[in-house]
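Coordinates in review
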Amino acid sequence: MIIGIGSDLIDITRIERTLERYGTRFTERVFTPVERAKADRRARRADTYAKRYAAKEAMSKALGTGFRSGVYWRDIGVVNEPSGRPTVALTGGARARLEAITPPGMVARIDLTLTDEPPLAQALVIITALPAG
């Protein structure tokens, strides 16, 4: 059963300008250390940051809260599985909200897809509740 869907589309040049203007003040406020390490290794770091920014927005929409009700930017972290598949790690208020919307006796599964075609980056999140066990 689908319990949340969220999507976001962002202009990568908006992130480029934000990185130029605010630098680490922006990245440390919005991104986890894992996300910053991954993006800062890339030649096109703004593209990586933009996709992760879109993923955070999409996840907050799928949770049904946006960035309020105790859900903060760094509560939502985009991580890659060993296969390279992107997924989301939740902490704090985002984790609590996921637990609150997951029906009893079920477990939540988060599917995330990221794409970019400069100057745009997009993310789609689907949260599914599956029977536990």
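Above this text sits the structure in question.
Let me begin by describing the structure that accompanies this report. (Residues numbered from 1 in each chain as written. Predicted model: local features only at pLDDT ≥ 70, side-chain atom pairs only at ≥ 80, totals over all residues. Heavy atoms only, no water.)

All chains considered together, the criterion is met by eight salt bridges. Taking the shortest distance from any N to any O, the salt bridge between E35 and K56 comes out at 2.9 Å. Residue E35 is found in helix α3 (residues 33–40), and its partner K56 is found in helix α4 (residues 45–63); the two are separated by 21 residues along the sequence. The pair E35 / K56 is uniform in exposure class, with both members buried. (Salt bridge = Lys/Arg side-chain N within 4 Å of Asp/Glu carboxyl O. Helix = DSSP H or I, 4+ residues; strand = E, 2+ residues; numbered from the N terminus. Buried < 20%, exposed > 50% of the residue type's maximum accessible area, 1.4 Å probe, protein only.)

This brings us to the layout of surface pockets. Which parts of space are left empty comes out when a probe the size of a water molecule is rolled across the atoms. In this structure, the largest pocket occupies an estimated 170 Å³ of space. Lining the largest pocket are R14, I15, T18, Y22, R25, F26, R29, V30 and Y53. Elements with a minimum of two residues in the lining of the largest pocket: α1 (12–22) and α2 (24–30). The residue inventory of the lining of the largest pocket, partitioned by class, reads five nonpolar, one polar and three charged. (1 Å grid on protein atoms, 1.4 Å probe; cavity = no way out; pocket = protein on both sides within 12 Å on 5 of 7 lines; lining within 4 Å. Points joined across faces, edges and corners; volume = space filled by probe spheres on them. Nonpolar A, V, L, I, M, F, W, Y, C, P; charged D, E, K, R; others polar.)

Membership of the largest hydrophobic core comes to 33 residues, with the highest contact counts inside it found for I15, Y53, M59, L90, I110, V125 and I127. No other element matches the ten residues that α4 contributes to this core. Excluding its chain neighbours within four sequence positions, the residues that come into contact with V125 are G4, I5, G6, A55, A58, M59, A62, I110, D111 and L112. (Core = buried A, V, L, I, M, F, W, Y, C linked by side-chain atoms within 4.5 Å. Contact = heavy atoms within 4.5 Å.)

Attention now moves to α3. E35, R36, K38 and A39 are the residues of α3 that are buried. In an axial view of α3, the angular spread of the buried residues amounts to 165°, which keeps them on one side of the axis. Along α3, the residues that are exposed and aim more than 90 degrees away from the buried face are P33 and V34. Looking at the buried positions of α3, the neighbouring elements they touch are α2, α4 and β2 (76–80). (Arc of directions from axis to C-beta.)

Pairing is antiparallel across the open sheet formed by three strands, whose spatial order is β1-β5-β4. Bordering the open sheet on either side are β1 (2–11) and β4 (106–117), each of which pairs with just one other strand. Sheet twist, expressed as the average angle between the axes of neighbouring strands with direction ignored, equals 10°. Sheet topology places β1 next to strand β5 (residues 120–131); nine bridges connect them, and they run antiparallel. In the sheet register, I5 faces β5, and the bridge partner there is I126. (Pairing = 2+ DSSP bridges. Axes fitted to C-alpha atoms, helices over the stretch in contact; angles between N-to-C directions.)

At a minimum axis separation of 8 Å, α3 and α4 run at an interaxial angle of 150°. Between α3 and α4, the angle is such that the two are roughly antiparallel. Residues E35, R36, K38, A39 and D40 of α3 pack against R45, T48, Y49, R52 and K56 of α4. Counted by class, the contact of α3 with α4 contains two nonpolar, one polar and seven charged residues. (Parallel < 35°, antiparallel > 145°, perpendicular 65-115°, else oblique.)

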